[in-house]
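In case you want the letters, here they are:
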Amino acid sequence: MFPNRIRAGALAVAAAAQWAANFTVSTTFPMLADLGLSLAYGLYAAMAALSFVFVWRFVTETKGRELEEMTDSVSARRSRTRSPSPR
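From a predicted model like this one, the values you see are computed outputs, not experimental measurements. (Residues numbered from 1 in each chain as written. Predicted model: local features only at pLDDT ≥ 70, side-chain atom pairs only at ≥ 80, totals over all residues. Heavy atoms only, no water.)

## A closer look at the overall build of the chain
(1) Moving on: Helix and strand counts for the chain stand at three helices and zero strands.
(2) Moving on: Ordering the α and β elements of the chain from the N terminus gives α-α-α.
(3) Moving on: Per-residue burial for the chain yields a buried fraction of 7% across its 87 residues.
(4) Moving on: Here the chain displays about 7500 Å² of accessible surface, and carbon together with sulfur accounts for 65% of that area. (Helix = DSSP H or I, 4+ residues; strand = E, 2+ residues; numbered from the N terminus. Buried < 20%, exposed > 50% of the residue type's maximum accessible area, 1.4 Å probe, protein only. Areas by Shrake-Rupley, 256 points an atom, 1.4 Å probe, with all protein chains shown as cover.)

Put into C-alpha cells, the structure is as follows:
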C-alpha cells in the first residue's frame, strides 16, 4: 500500500527487513536450540502471535480494491486518528 512516488524505495526497504529477519532467525536458532527446543519454538511462536495481532489490528483489507482507493482510505483513516494540535 505504498504510494507510487515511494513504492520502489519502500519495497526495497521491506525486502531488506525481510532478509534481516531471516538472518536473525537463522543465526539465533542454534543457540536457542542448545538451551532447549521448547524455548526456541516457544519464542518464535510468541513472536508469530504478536505479528498476527499487529496484522489483525493495523493492516487493512485490500482485496478487490484499486491502489488509488487504498491510498485514499489510508489518508482518511490517518486524518481521523490525529488529534488537533493545541494552540
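## Here's the deal with the packing of aromatic side chains
(1) Moving on: What the rule picks out here adds up to four aromatic pairs.
(2) Moving on: Aromatic pair F29 and Y41: ring centres 5.8 Å apart, planes at 45°, arrangement tilted. Residue F29 is located in helix α1 (residues 7-35), and its partner Y41 is located in helix α2 (residues 37-58); the two are separated by twelve residues in the primary sequence.
(3) Moving on: The partly exposed category is assigned to F29, whose relative accessible area is 27%.
(4) Moving on: Through a chain of ring-to-ring contacts, three or more aromatic side chains come together here, namely F29, Y41 and Y44. (Phe/Tyr/Trp six-rings, centres within 6.5 Å; stacked < 30°, edge-to-face > 60°.)

## Remarks on the UniProt feature "transmembrane region" (unreviewed entry) in the chain
(1) Moving on: As annotated in UniProt, the feature "transmembrane region" (unreviewed entry) corresponds to residues 36-59 in the numbering used here.
(2) Moving on: Taken end to end, residues 36-59 comprises 92% helix and 0% strand; its first and last C-alpha atoms sit 34 Å apart. (UniProt positions renumbered as here; feature names shortened; annotations may be inferred.)

## Notes on a nonpolar patch on the surface
(1) Moving on: On the surface, F54, V55, F58 and V59 cluster together to form a nonpolar patch covering roughly 390 Å² of accessible area.
(2) Moving on: Along the polypeptide, F54 turns up in helix α2. (Patch = residues over 30% accessible without salt bridge, like charges linked within 9 Å, V, L, I, M, F, W, Y side chains within 5 Å. Salt bridge = Lys/Arg side-chain N within 4 Å of Asp/Glu carboxyl O.)

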